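# Geometric and topological summary
Here is how the chains run, residue by residue.
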Amino acid sequence: MNFPGNIAILGGGSWATALAKLLLVNNETIHWYMRRDDRIEEFLRLGHNPAYLTDVDFDVNRIYFSSDINEVCDRCDTLVLATPSPYFKDHMAKLTTDISQKAVVSAIKGIVPDENVLITDYVRDHFGVSPDKTLVISGPCHAEEVALSRTSYLTIGCEDIDRAADFARCIQSKNTHTITSSDVDGIEYAAVLKNVYAIAAGIIHGLKTGDNFLAMLVSNAIREMERFIDAVNPRPRQICDSVYLGDLLVTAYSRFSRNHNFGAMIGRGYSVKAAKMEMEQTAEGYYGTKCIHDINKRYDVEMPILEGVYDILYRRIKPANAMRKMGEKFT
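### Some thoughts on the pattern of salt bridges
- On inspection of all chains with the given rule, the structure shows 17 salt bridges.
- Two residues, Glu42 and Arg45, come together in a salt bridge whose shortest N-O distance is 2.9 Å. Of this pair, Glu42 and Arg45 both sit in helix H2 (residues 37–46), 3 residues apart, roughly one helical turn.
- Its relative accessible area of 30% is what places Glu42 among the partly exposed residues.
- For Lys109, the salt bridge identified is with Asp247, shortest N-O distance 3.2 Å.

### Quick word on the sheet that holds strand S1 (residues 7–10)
- The sheet built from 8 strands is open, its strands ordered S3-S2-S1-S4-S5-S8-S9-S10 with mixed pairing. Whereas interior strands pair on both sides, the edge strands pair on one side only; in this sheet they are strand S3 (63–66) and strand S10 (176–181). Each adjacent strand pair in this sheet contributes to an overall mean axis angle of 20°, direction not counted.
- Where strand S8 (residues 134–138) meets strand S9 (residues 152–158), 4 bridges bridge the pair, whose relative direction is antiparallel. Opposite Val136, over in S9, you have Gly157 as the bridge partner.
- Across the sheet, helix H5 (residues 119–127) lies against strand S4 (78–81), strand S5 (103–106) and S8, angled at about 160° from S8, the strand it touches most.
- Against the sheet, helix H7 (residues 161–171) engages S1, S4, S5, S8, S9 and S10, with an angle of about 150° to S9.

### Things to note about the pairing of S5
- Every second residue of S5 is oriented toward a common face, with Ala103 and Val105 on one face and Val104 and Ser106 on the other, all of them buried.
- Summarising the sheet, S4 and S5 pair through 4 bridges and their orientation is parallel. Paired with Thr78 across the bridge in S5 is Ala103.
- With helix H4 (residues 85–92) bridging S4 and its parallel neighbour S5, the resulting β-α-β unit is right-handed.
- Both S5 and S8 contribute to a ladder of 3 bridges, which runs parallel. Residue pairing in the sheet places Val105 in a bridge with Leu135 of S8.

### As for the nonpolar core
- Membership of the largest hydrophobic core comes to 54 residues, with the highest contact counts inside it found for Met225, Phe228, Phe262 and Ile292.
- Listed by contribution, the elements that provide at least two residues to this core are helix H8 (184–207), helix H9 (211–232), helix H10 (242–253), helix H11 (258–267), helix H12 (272–278), helix H13 (284–295), helix H14 (304–314) and helix H15 (319–327).
- In terms of residue count, H8 provides more of this core than any other element does, 13 residues in total.
- With residues up to four places along the chain from it excluded, the contact list for Phe262 reads Ile199, Val272, Ala275, Lys276, Met279, Ala283, Tyr286 and Leu313.
- Counting residues in hydrophobic clusters, the runner-up holds 41 residues, among them Ala16, Trp32, Ala143 and Val146.

Here is what the cut-offs are and how they apply
Residues numbered from 1 in each chain as written. Predicted model: local features only at pLDDT ≥ 70, side-chain atom pairs only at ≥ 80, totals over all residues. Heavy atoms only, no water. Salt bridge = Lys/Arg side-chain N within 4 Å of Asp/Glu carboxyl O. Helix = DSSP H or I, 4+ residues; strand = E, 2+ residues; numbered from the N terminus. Buried < 20%, exposed > 50% of the residue type's maximum accessible area, 1.4 Å probe, protein only. Pairing = 2+ DSSP bridges. Axes fitted to C-alpha atoms, helices over the stretch in contact; angles between N-to-C directions. Contact = heavy atoms within 4.5 Å. Right-handed = clockwise from strand over helix to strand, strands pointing away. Core = buried A, V, L, I, M, F, W, Y, C linked by side-chain atoms within 4.5 Å.

Honestly, that's just the spatial picture; any functional story needs more than this.
What follows is the structure, given as structure tokens:
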């Protein structure tokens, strides 16, 4: 297999745009699947994504755009998945090209709704991609800062650590540093959970409960994350590494965090439906909350924060009441 060879990005949002900017530092060209032809036409005319990260310019002569996912996947050796998790299955349902011998990199910080499976597991089970060719990319990085070349750290996970290192070299630069790991499942679950906890952090902000309570939330959240991941995928890991704790911190606190902002609206009195309608981008944590809640029925891990957010989002419990109950279990 030619790795990384020709690289494709599947998705047209903020994270896809930031990753495209990274990949073009060390790669002469990339292929880019966007589902809408009008967006592609505008991108080519303006020299930037017309809908996301519009202040980030591109040399469009180095990008091969297409709205045909099969054309893009057929031409490329490495596929970078960067669609929101709720739409992942719809995009992949269009795929008829055999991708079993290609490398697939999941940059999706979410889980497959209804299926309640990790993105990499779905790719392996439905498309026959082997574990040593399945990678993840995660870490404490907002798309906005990555695209603007601010100092960032990304972790590349793969069972084949040499393959992880090869892909890491494709995206590293003066301002983008890379770390490798073989903990693929742990990285993916952490990326789902940190979005859930960011919603909780946003609710605290919206309720004006204060920084003291927020600090307790985050310190309890990392322990809750560790309990769950260790139950689902027991193996040695350092939960304070940047791909776990770092990603939790940046998502819980940053103004760029759509999950935090979604939670803040709910804390201020928006209904869940109204908050979802107000959001211009997908709050992955809304879907991740239900998925992890359902998965945890098999493991019965103590997860008061997850359950508190689930109560608010899906049982319509008043945020203040759910947060008070949650806080009673903090240590």
